[in-house]
Amino acid sequence: MAEFEPVLTANVHKPDSHTLRVYRESGGYTALKKVLDGMSSAEVVDAVKASNLRGRGGAGFPCGLKWSFLPKDHPGPVYMCVNADESEPGTFNNRLLMEDDPHQVIEGIIIGCYATRAQTAYIYLRYEYPTSYNRLQAAIDECYANNLLGKNILGSEFSLDIYLHRGAAAYICGEETGLIESLEGKRAWPRIKPPFPAIEGAFRKPTVVNNIETMACVPHIINRGADWFKSMGVPSTGPRDAGSYGPKLYCLSGHIEKPGIYEAPLGITCRELIEKFGGGVWKGRKGKAAIPGGISMGLLTEAEWDTPLDFAGPGKAGCLGLGTAAVVVLDETVSMVDFLHNSCRFFAHESCGQCTPCREGTSWSERILARIKAGKGRLKDLELILNISASIGIMPGTTICGLADGAAWPMKNAVNKFRAEFEEYIKRTNPSGYAQEDAVEALELVGLGVH
Amino acid sequence: MATIIIDGQEIEIDDNERLNVIQAADRAGVAIPFYCWHPGLSVVASCRMCLVETGTKNKETGKIDMVPKLVPACQTPAKDGTVVVTNSDKVKAKQQFVQEGLLLDHPVDCPICDQAGECWLQDYYFNYGHQQRRADVRPFTSQRRDLGEHVTLFVDRCVMCSRCVRFTREISGGGELQVVNRGSHAEIDIFPGFPLDDKLSGNVNDLCPVGALCSKDFLYEQRTWFLEPHNSVCTRCSTGCSIQQHVNQNHLYRIQPRYNPNANDWWMCDIGRNENDHVHAPERLTSIKRRGDGGWEDLLWPQGLMAIHETLIATAKEQGGAKLAFVLSPFLTCEEAFLLASYARELAPETWLVLGKVPVTGEDEVFKSGFTIRAERCPNRKGIEEILKHFGGNTCDWAGLLTKVDSGELAAAYITGDYPDPWIDDAEAARFEKLAWLIVHDILPTPLARRARFVIPGACSAEKDGCYVNHAGLLQATEWGVRPPEGSHVDGQTFGDLLGRKGLYQAAAVIRELAHAVPFFARAAEGVPEAGLNLVTGTEQQPRTTALGTVTHPLPTFRSMAAPFLEVESTT
């Protein structure tokens, strides 16, 4: 493979990269012109379909296929929601795109709307990104001033309005139907599916929800073609695998020498990412584990770091999937009990509370982990954690959305892959009671900070 | 016909029936547990108690393809070829997990909980719960707080089914209730300063499957297992909601709505539910009295009725029947009105039959779902009118009666009341002083009763058997819940006695008699079904009763009767 040229991050280091001037100087909005000058909506959808572009938000659903689910001949309006509620722990790639190259994103959105015949797009931005907010809004204003948004874009028949909507900082708003509910001004309780948003989404109209990074890929596919896009990444291995093509922004954080965002073709191994881009585990220590793609994807042990980070890779190592490709490295000093407690605490805090298994399962696991941490653990708690993790999520079918799967996978992976460490910790901190089978008196827990 | 296979058992449903898997399974006699689903509310599929395995059977090959994931039965439509498994280990394990999760933060304060005995958590725990508690966490605890005039919330008992929230958004339309906070800290609450105080608020207490929402009017009044349900009809407005009176030891403790697709669906208003002070009011009339020169004198029933009868006969003979008026209160049942009218016309064919005063308050109050509290605050105006129409001759309404009284056309009037609220003021009552003989048959000492020569104690609607015809012509049967106070008789008994009939008053016999005598009531000849008979349109819906809806489904007794989840089918 030839040396990889950055695609999505090609501009980000230029001064004033967030302005329309710089974006145009580096060839911006040519894809839009090409689309508006000579392509029909269906041709754009076909081009994206041919590229096998898969959603970068976490689930990896093929983008062109999603667009083609919109009902044909719907009287409209059709909405596009762009998911910029980037709240998966360890993930910050959308932020880079929105802060340093917002026009690339907006061009993608305009093309996406043209393809889906949406005349209104909402960018749902998480509250914690003020710079993204300012720069995206400035970019949108620039677009309106230069006839890139609004009525009859670049003299064509196509009109589009983009609204930047700021969320109020909840993890669940990143779930597509939670996002839609929140956008409508309601409590972000994910909706039951079917109907899927493509049939009935925002304001009960057909809606397509895409991630920021997915949209940023679209102009490049239009400009350079599906074959160019498919020259990067990992080819499909069978009819059930859509393949992992194209460039991807990997977020690298945790115990690493050079944390940051690195662009690479899909399929780079976790070890290569850490060694080649991240400069290895920090302070000369050894690695212990890594989160492959945001905390909800689970854990890769150091021995599994050769797993390729494409859409299929982490799954083969027992993780949930690629997720947001946010790699968090844990060095050898990290206690897995601490890690799992922190993970469970996050999901207990962010569970929306709608479905019983998730609401109670996440909170229960947090309390069990807090108790283990406080030196009151028992060996049988590990079975309980595994039982909880197997009982919550859309995989077993017990919840409406995937938040609980994200909560379950760290539990599963941590306990299964580091069982010896958990057992050692429990035995060491609770020498008199680790084998206890009876229920612990609830009152014993008073004063442990456990509730 | 669509064929559904439930636990290996094939059942058939009509193509035009839209059932979910819970309802289809119910037809097959298979109980699927649920909390958040309610047939009258939107589906949220969030409690996850109704998880089942589903699949489809290929009609040609007979091959069954099962879906690997569990699905919520409430959200899964029962379509032709749907295969449902409700009793596999996988299903049971997940139901146990849900049940365990719900009890994680539950205080288990059943001994002091009003819901104990009709609590779904209790019932399901035996069928679907873990028998040994694995959770050893300290529950979150929070205090009870009032949400409105009739509703109080025990926060820590809540299972977050969101039925109450959906009710206020979809049925009453006020949207007062909402969920606040997230995850296991989520709670039901109101916005500060905007309490849940509309006139349907009491329904959220019925909807709550656990002891979280409790009625402030019933709180700590009675253990539910002592209560005996009596199927009745609310008389507070002409909607005529089907209700249940919950009674213990001749004391009415609680009123809850009873499912009736023809009248009220699953709901009722707070007026009918709570304003029942008259039933056990200490000032109830309890003896038949005569006012002579020396003041009031208590009579024994036979002598009293005889004196009244003789007075009426004498007046009719001496001054003519047209000098006599009989007022049929719209609170009388059809049977009672029929008996009294028969008596009146037996005395003389030209006696005046008068439709009693029809109380009207404000305007009809229509809620989002269409549920209506009618301005006409009486149960049986239409029924009385039909009976008057049948008897014909001299009939008039209350205003007509007042004119006749003022003009001195009348010598005697027999006025029935039974109104739960004060219905006549002093000035209006004083106009009746002109009459030589005023006989008042009522339950409370009204200004009119004080001016009467004879007072007959009647029975209030809680104490009556009989039928009412609501605003739309729906004939419904009501059943007594409590006995009248000692010394009072039910009105039908009194009228029967006046007619010289022997024995005890049997409403069921009188309605048959009425059905044969008056064509409007003809359909009631075979008895009145639970959901009533619409005498105007001739068609109504009758809820389908299945074995589960009444006997073996693990819904507590009252719930299964008051809010069955049965679908309805049309019959004519």
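As the structure is a computational prediction, the values presented were derived from the model and not from experiment.

Scoring rules and cut-offs
- Residues numbered from 1 in each chain as written.
- Chains lettered and ligands numbered in written order.
- Predicted model: local features only at pLDDT ≥ 70, side-chain atom pairs only at ≥ 80, totals over all residues.
- Buried ≥ 20, exposed ≤ 12 C-beta atoms within 10 Å, placed from the backbone.
- Helix = DSSP H or I, 4+ residues; strand = E, 2+ residues; numbered from the N terminus.
- Pairing = 2+ DSSP bridges.
- Right-handed = clockwise from strand over helix to strand, strands pointing away.
- Axes fitted to C-alpha atoms, helices over the stretch in contact; angles between N-to-C directions.
- Contact = placed C-beta atoms within 7 Å.
- Nonpolar A, V, L, I, M, F, W, Y, C, P; charged D, E, K, R; others polar.
- Domains from an automatic or database assignment.
- pLDDT = per-residue confidence, 0-100.

Moving on, we get to the pairing of strand β16 (residues 324-328) of chain B. Residues and elements named next belong to chain B. Within β16, 5 of the 5 residues are buried, which leaves it mostly tucked inside the rest of the structure. Of the two faces of β16, the one holding L324, F326 and L328 and the one holding A325 and V327 are both buried throughout. Note: β16 against strand β21 (residues 412-416), 4 bridges, orientation parallel. Within β21, the position partnered with A325 by the bridge is A413. The pairing of β16 with strand β17 (residues 352-355) spans 4 bridges and is parallel. Of the residues in β17, the one forming a bridge with L328 is L355. Between β16 and its parallel partner β17, the chain crosses via helix α8 (residues 334-347), and the hand of that crossover is right-handed.

Attention shifts here to unusual backbone geometry. A cis amide bond links G76(A) to the next residue, P77(A), at an omega of -5 degrees. The amide bond that connects K193(A) to the next residue, P194(A), takes the cis arrangement and shows omega of -5 degrees. The residue P194(A) is located in the loop between α8 (176-183) and β4 (207-211) in this model. Despite not being glycine, V108(B) shows a phi value in the positive range, around 50 degrees. Tracing the sequence through the fold places V108(B) in the loop between α2 (89-104) and α3 (120-128). By C-beta crowding, V108(B) is classed as partly exposed, having 14 other C-beta atoms within 10 Å. Backbone geometry at S162(B) places phi at a positive 65 degrees, although glycine is not the residue there. If you trace the backbone, S162(B) turns up in the loop between β7 (151-154) and α4 (163-170).

Moving on to the sheet that holds β7(B). Residues and elements named next belong to chain B. Taken in spatial order, the 3 strands of this open sheet run β6-β7-β10, and their pairing is antiparallel. In this open sheet, the two strands that pair with only one neighbour each are β6 (144-146) and β10 (213-215). Each adjacent strand pair in this sheet contributes to an overall mean axis angle of 30 degrees, direction not counted.

Moving on, we come to the sheet that holds strand β23 (residues 454-457) of chain B. With mixed pairing, 8 strands are arranged side by side in an open sheet as β15-β14-β23-β22-β21-β16-β17-β20 (chain B). On the outer flanks of this sheet lie β15 (295-298) and β20 (395-396) of chain B, each paired with one strand and no other.

Our next topic: the interface of chain B and chain A. Contact residues are listed per partner, giving 28 residues for chain B and 30 residues for chain A. Among the elements of the structure, β4 (64-72) and α2 of chain B are those that each provide at least two residues to the side of chain B that touches chain A. It is α2(B) that contributes the most residues to the side of chain B that touches chain A, 6 residues altogether. Of the residues belonging to the side of chain B that touches chain A, the class tally is 15 nonpolar, 5 polar and 8 charged.

Many analyses report the size of an interface as the accessible area lost when the parts associate. Residues and elements named next belong to chain A. Each assigned domain of chain A is listed here: domain 1 (20-230), domain 2 (244-282 + 290-324) and domain 3 (336-445). Averaged C-alpha coordinates put domain 2 and domain 3 at centres separated by 25 Å. Residue-level contacts link 9 residues of domain 2 with 10 residues of domain 3. When the residues that make up the side of domain 2 that touches domain 3 are grouped by side-chain class, the tally is 5 nonpolar, 4 polar and no charged.

Looking now at the confidence of the model for chain B. Residue and element names in this part refer to chain B. For chain B, the average pLDDT comes to 90, and 94% of its residues sit at 70 or higher. Contacts from residues 549-572, a stretch scored under 50 in pLDDT, to residues over four places away or in other chains number 56 contacts. Predicted complex, confidence summary: ipTM 0.91, pTM 0.92.

What follows covers the confidence of the model for chain A. Summing up the model confidence of chain A, the mean pLDDT is 92 and the portion of residues at 70 or higher is 96%. Note that pLDDT drops below 50 for residues 442-451 of chain A; the model gives that stretch 16 contacts with residues more than four away or on any other chain.

This next bit is on helix α5 (residues 93-100) of chain A. All names here are of chain A. Of all 8 residues making up α5, 8 are buried, and the element is well covered by its neighbours. Along α5, the residues that are buried comprise N93, N94, R95, L96, L97, M98, E99 and D100. In this fold, the buried residues of α5 make contact with β1 (79-84), α6 (102-116), α7 (130-145), α9 (212-230), β7 (247-254) and β8 (260-265).

This paragraph deals with the pairing of strand β11 (residues 326-331) of chain A. All names here are of chain A. By the criterion of burial, β11 is predominantly enclosed, with 5 of the 6 residues buried. With 4 bridges joining them, β7 and β11 adopt parallel strand pairing. Looking across to β11, one finds that C251 is bridged to A326. Bridge count between strand β9 (residues 287-291) and β11: 4 bridges; the pairing is antiparallel. Counterpart to A289 in the pairing with β11 is L330.

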